[in-house]
Amino acid sequence: MKIDWIAKLRHMLQVLAFALAIATIQYAFMPERPYGPPLVYSLLIASITWAVIDLGREFFPSSAKPGWPQARERHWAVFAAFGWGIGLALQRDPW
């Protein structure tokens, strides 16, 4: 199994840029609150979810065409939703 780390890094940077955009939009709607908590929260959720999905694809056999995990292993993609919970738990100061 050979992993294309350049493609993984490129995709991770895209995900982090999207998380920054989300945090900025949140701040635009609540300018009286500090920018830090939404930023940390968005980055944690995005990076954990990216790692579970994108790296999970490398460790489970995928179907031929779509590249998604087959039957039983497909359930691991559902755990990406736990990125939210983990991000919430890692955030020190909830707003």
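Residues numbered from 1 in each chain as written. Predicted model: local features only at pLDDT ≥ 70, side-chain atom pairs only at ≥ 80, totals over all residues. Heavy atoms only, no water.

### Describing the pattern of salt bridges
Here comes step 1: All told, the structure shown has one salt bridge when counted by the stated rule.
Here comes step 2: The residue Lys-8 makes a salt bridge to Asp-54 at a minimum N-O spacing of 3.7 Å. Remark: Asp-54 occurs in helix 2 (residues 36–59) and Lys-8 occurs in helix 1 (residues 5–29); sequence separation between them is 46 residues. One exposure class covers both Lys-8 and Asp-54, and it is buried. (Salt bridge = Lys/Arg side-chain N within 4 Å of Asp/Glu carboxyl O. Helix = DSSP H or I, 4+ residues; strand = E, 2+ residues; numbered from the N terminus. Buried < 20%, exposed > 50% of the residue type's maximum accessible area, 1.4 Å probe, protein only.)

### As for the packing of helix 1 against helix 2
Here comes step 1: Between helix 1 and helix 2, the shortest axis-to-axis distance is 9 Å and the interhelical angle comes to 150°. Classed by the angle they form, the pair helix 1 and helix 2 counts as roughly antiparallel. For helix 1 against helix 2, the interelement crossing comes out right-handed. Facing Trp-5, Lys-8, His-11, Met-12, Val-15, Leu-16, Ala-19, Leu-20, Ile-22, Ala-23 and Gln-26 of helix 1, the residues of helix 2 in contact are Pro-38, Leu-39, Ser-42, Leu-43, Ala-46, Ser-47, Trp-50, Asp-54, Leu-55 and Glu-58.
Here comes step 2: A per-class count over the contact of helix 1 with helix 2 returns 14 nonpolar, four polar and three charged. (Axes fitted to C-alpha atoms, helices over the stretch in contact; angles between N-to-C directions. Parallel < 35°, antiparallel > 145°, perpendicular 65-115°, else oblique. Left-handed = near helix turned anticlockwise from the far one by under 90°. Contact = heavy atoms within 4.5 Å. Nonpolar A, V, L, I, M, F, W, Y, C, P; charged D, E, K, R; others polar.)

### Concerning the environment of Lys-8
Here comes step 1: On the accessibility criterion, Lys-8 (9% relative accessible area) is buried.
Here comes step 2: C-alpha of Lys-8 to C-alpha of Leu-55: the two residues are 47 residues apart in sequence and 8.2 Å apart in space.
Here comes step 3: Non-local contacts of Lys-8, meaning those with residues more than four positions away in its chain, are made with Ile-3, Trp-50, Asp-54, Leu-55 and Glu-58.
Here comes step 4: Only 3.2 Å separates the side chain of Lys-8 from the backbone oxygen of Asp-54, close enough to count as a polar contact. (Polar contact = N/O pair within 3.5 Å; in protein donor to acceptor, adjacent residues only side chain to side chain.)

### Here we look at the environment of Ile-25
Here comes step 1: Inspection of the secondary structure puts Ile-25 in helix 1.
Here comes step 2: With 13 residues separating them along the chain, Ile-25 and Pro-38 place their C-alpha atoms 9.6 Å apart.

### Some details on the side chain of Asp-54
Here comes step 1: The buried category is assigned to Asp-54, whose relative accessible area is 6%.
Here comes step 2: Polar side-chain contacts of Asp-54 include one of 3.2 Å to the side chain of His-11.
Here comes step 3: Setting aside chain neighbours within four positions, we find Asp-54 in contact with Lys-8 and His-11.

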